Amino acid sequence: MEAQLWHGLSAEEALDRLGSTKQGLSSDEAARRLERYGPNELRAADRVSAFQLLLAQLKNALILILIAATVLSAFLGHLVEAITILVIVLFAVVLGFIQEYRAERAIEALQRMAAPNATVLRDGEEVKIPARDLVPGDLVLIAAGDRCPADARLVTAVNLQIEEAVLTGESMPVEKVSTTLAATELPLGDRKNLVFAGTAATYGRGSGAVTATGMSTEFGRIAGMLATIETGRTSLQDALDRVGHVLARAAIVLILLIVGIGIFRGQPLLEMILFGIALAVAVVPEALPAVVTISLALGVQRMVKRNALVRRLPAVEGLGSVSVICSDKTGTLTRDEMTVRSIFVAGKTITVTGAGYEPTGTFSTEQGEPLAHGGEGQGGLAEMLEALLEAATLASDARLRPPAAEGDGKDLRGWRLHGDPTEGALVVVAAKLGVDRAALEARYPRTAETPFTAESRRMTTLHDAPGGGSLAFAKGAPEVILAASSHQLTRDGERPLEEADRRAVLESALAMARQALRVLAVARKSDTTLAAAEDGLTFLGLVGMFDPPRAEAAPAIRVCERAGILALMITGDHPATAEAVARELGILDGGRVVTGIELDEMEDEALERQVGEIKVYARVSPAHKLRVVSAWQRRGHYVAMTGDGVNDAPALKKADIGVAMGLTGTDVSREAAAMTLTDDNFASIVAAIEEGRRVFGNVKKYLMYLLSCNIGEIGLMVVASFAGLPLPLTTVQILYVNLATDGLPALALAVDPPDADLMSRPPRGRRSGLFSRPVVTLMLLGGVWATVVNSGLFAWVLAAGASEAKARTMVFTSIVLTEFFKAYSFRSERLSVAVRPFANKWLNLAIGWELVLLGFILYFPPMERVFGTLAMSQRELAVVAGVAATIVPVLEIGKWFLRRAERRREPAAGSAAPA
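Residues numbered from 1 in each chain as written. Predicted model: local features only at pLDDT ≥ 70, side-chain atom pairs only at ≥ 80, totals over all residues. Heavy atoms only, no water.

**Some words on the overall build of the protein chain**
Thought 1: What the protein chain contains, in helices and strands, is 34 helices and 28 strands.
Thought 2: Taking contacts inside the protein chain between residues at least 6 apart in sequence as the whole, the part at least 24 apart equals 70%.
Thought 3: On the protein chain, roughly 37300 Å² of surface is accessible, and the fraction owed to carbon and sulfur atoms is 58%. (Helix = DSSP H or I, 4+ residues; strand = E, 2+ residues; numbered from the N terminus. Contact = heavy atoms within 4.5 Å. Areas by Shrake-Rupley, 256 points an atom, 1.4 Å probe, with all protein chains shown as cover.)

**Description of the pattern of salt bridges**
Thought 1: Following the criterion strictly, the structure yields 34 salt bridges and no others.
Thought 2: Two residues, Glu-479 and Arg-457, come together in a salt bridge whose shortest N-O distance is 2.8 Å. A residue pair is termed long-range when its members are at least 10 positions apart, and Glu-479 in helix H17 (residues 478–483) and Arg-457 in the loop between strand S16 (446–450) and strand S17 (458–464) qualify at 22 residues.
Thought 3: Note on Glu-479: relative accessible area 39%, which makes it partly exposed.
Thought 4: Under the relative-accessibility criterion, Arg-457 is labelled partly exposed at 35%.
Thought 5: One continuous salt-bridge network, built from bridges that share partners, spans Glu-185, Arg-191, Glu-218 and Arg-221. (Salt bridge = Lys/Arg side-chain N within 4 Å of Asp/Glu carboxyl O. Buried < 20%, exposed > 50% of the residue type's maximum accessible area, 1.4 Å probe, protein only.)

**What to know about the sheet that holds strand S25 (residues 614–618)**
Thought 1: Strands sit in the order S8-S28-S27-S26-S9-S23-S25-S24 across an open sheet of eight strands; the sheet is mixed. Of all the strands in the sheet, just strand S8 (308–310) and strand S24 (592–595) have a single pairing partner and so form its edges. Strand-to-strand twist of the sheet, defined as the mean angle between neighbouring strand axes without regard to direction, takes the value 25°.
Thought 2: The pairing of strand S9 (residues 324–327) with strand S23 (residues 566–570) spans four bridges and is parallel. Note on S23: the bridge partner recorded for Ser-327 is Met-569.
Thought 3: Each of S23, S24 and S25 is contacted by helix H20 (residues 575–585), which is oriented at about 140° to S25, the strand it contacts most. (Pairing = 2+ DSSP bridges. Axes fitted to C-alpha atoms, helices over the stretch in contact; angles between N-to-C directions.)

**Thoughts on helix H14 (residues 381–394)**
Thought 1: For H14, spanning 14 residues, the distance from its first C-alpha to its last is 20 Å, which sits close to the expected 20 Å at 1.5 Å a residue.
Thought 2: Burial analysis of H14 places 13 of its 14 residues in the buried class, which makes it a mostly covered element. (Expected span 1.5 Å × (residues − 1).)

**A word on the pairing of strand S11 (residues 348–352)**
Thought 1: Bridge analysis of strand S10 (residues 339–345) against S11 gives four bridges, and the strand direction is antiparallel. Bridging from a neighbouring strand, Ser-342 pairs with Thr-351 of S11.
Thought 2: Count of turn residues in the S10/S11 antiparallel hairpin: two residues, of which Ala-346 carries a positive phi of about 55°.
Thought 3: For S11 and strand S12 (residues 363–364), the ladder comprises two bridges, and the chain directions are antiparallel. Considered in S12, the bridge of Thr-351 is made with Ser-364.

**What about H20?**
Thought 1: All of the buried residues along H20 are Ala-578, Ala-580, Val-581, Ala-582 and Leu-585.
Thought 2: Along its buried surface, H20 packs onto helix H13 (329–333), strand S22 (537–546), helix H19 (553–562), S23 and S25.
Thought 3: One or two residues past the end of H20 sits Gly-586, with phi positive at roughly 85°.

**What about the environment of Arg-153?**
Thought 1: Among the structural elements, Arg-153 can be located in strand S4 (residues 151–163).
Thought 2: A relative accessible area of 0% means that Arg-153 is categorised as buried.

Encoded structure:
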């Protein structure tokens, strides 16, 4: 059907536009429309095949270089080396394939949420059909417990309440009506005469004319957005790809150059080809893909222990770049559990502590005096509070179950609520005072009730009194209950409700509302009937309730501030509620609150200019969330988006890091996100960011280490070639240095302990990569110095009359020891090697193991034959160790100059926000 403002049409007009009636469609007409509009189901976007995903993994430049190295090693007869490299390639390719394959399951999760069946009127009769057979114009019947199978304009609504959190983020069920609303654009949460596919009826019943099915529904539009959003790449992925391409070009250029020079000098062609192959092996850090993958996997394991489950390995590193967190309110920053905060009784305001459904907390007056159940507290105030809460409990249907109870309640973490969250808050606060619901209901058995409706805005229940007669209890909107009340309960008993008293009550209700509390009034009437209880009530008091912030959220936000990370709130809730929560958590802090309607009036350019001033977004749709995330990304920020509902899924996928809730989140949000919090705790995001920063820092350490080592090897080969010297290392020796000596120390650097000030530094800019000035400086300094000293050693040994085998042995040993010293120096790009030099126990073990292997290669005859080495004397070993150790003071001097340059830049840099 064409897009319509269905909420602005009357039910009759909607039926007429749809070509339907209150008797529904005929079976023949429904069949024709099914042929025209197609089945009521979500369609997945075109997917690439598993084989295409596998081939995509081979586009990585480093992988291609490693495959070439495998072929060359096998061609030369070095099968052990070829198999080793091949295992590394297969490991990286298979792991990448698995991650990519799992990342495309979000649409399947959406399909699982679709209603399997629907009850409709066909040919004037009520029938149950598969939900996929629904068509526009069908009259669908909805009852409590049903999942809405399509978008529909309500024709009837009897006490109908719909849970729309998966679409709007609203924490409360929406009271639905069948009346006509204003014919203007309204947010989804305010279209109260419409129901939407994927939402659930929690109370009452109704019927609606289907206005949209399948991908045309609001639910389907989210699926469409989700299918077309491409997951962004992390800076580490981009940086590693750049490294791969640079190395590939460098390998080709160097091989052609060196081989060309050799042929020009008249050296044998086969000898120069072998020399070129050895040089290519030296260029490629074979261990890099494996070490990167293992490093990220270890980061994932550490995050699991801190309640964060990462689905895609590159997201681990990406977390360290986060500079903006766009957080949903309900269930993420708040507990998603309505809690009574304030009570107005007998002209006094009582503050209630405690949060959530656990019935523990205290009651105190404005002066801080505690109230308790029973006794004559504060001149009867405690007794009046008890009367109020007993009435509120009896006028509610919600049930509270302890943690050990079995059932299918919403909250499975502890105390569980069965029923409406508002009524649950009333039952919980009564239990805090010591009111036993079971005993109360036994004393006052319910005999009749008038349920809450959107029109009446009140609920009344009738009960038998213990001594005979009856009692009526009512709860509802303050103005409604006040209008029906003629008396009020005071410490001196019941007395008439004067106009001044009414004004005082309404002022108190308004004061509570300004604090974003949802306010209910409670009243009672003795010796009455249900019909007579419509007026003449005795007013008991007001109850103000709130979905409280998580206790851990505010401290986590303060940590974000210290780390240079901006926390924003994006919610479907009312602006006043969102603003109150944001102020309590410290998010607002002078910023603006903007609604979805205001966002619609902003062009993308205007939003990008103003986005830095906006801290809270209220009454927003999925499209709004996408716009906010995109605006921050265009400003160069790395954005994390948290959420738990279907409505969050597109933004979760669009964000650089999507963070879903594990306990309260939907399958859709978890499949679309890069990370899931297993405890739904905002503080776990901060812990994950800390781990992400640690991973990126360690990636820089071992990348600096690996490339510096390879520069030293390449430099040695190039210098030898230009100097007309023999090949200084054999292919087997080079492979050993790259795969073994480079690999284990690099892996140990991947688990290096983090610096103490890790979460006091600003996040790195979105465009900043791995190769910062200190990294490049130290990498080149270490590589060039290794080239100089090892080339000099090789030439000196040959000039002294030693054999080529002896010279190669000494240079091979010197390179290995040089790289061991580098590993300790590269534990930090800023700090001296003297600062906690042996804090990394895994590096100590790696170097110790490599020293043992080096001893076998040098002094165990079978290994000598494999590697072409000769045993060295103690004097020769001391010379080699001395040459290798010179790398430490050289790197220390380099760090000193870098620290000095950093201190000179600090006054000018100030505390600039991340770019």
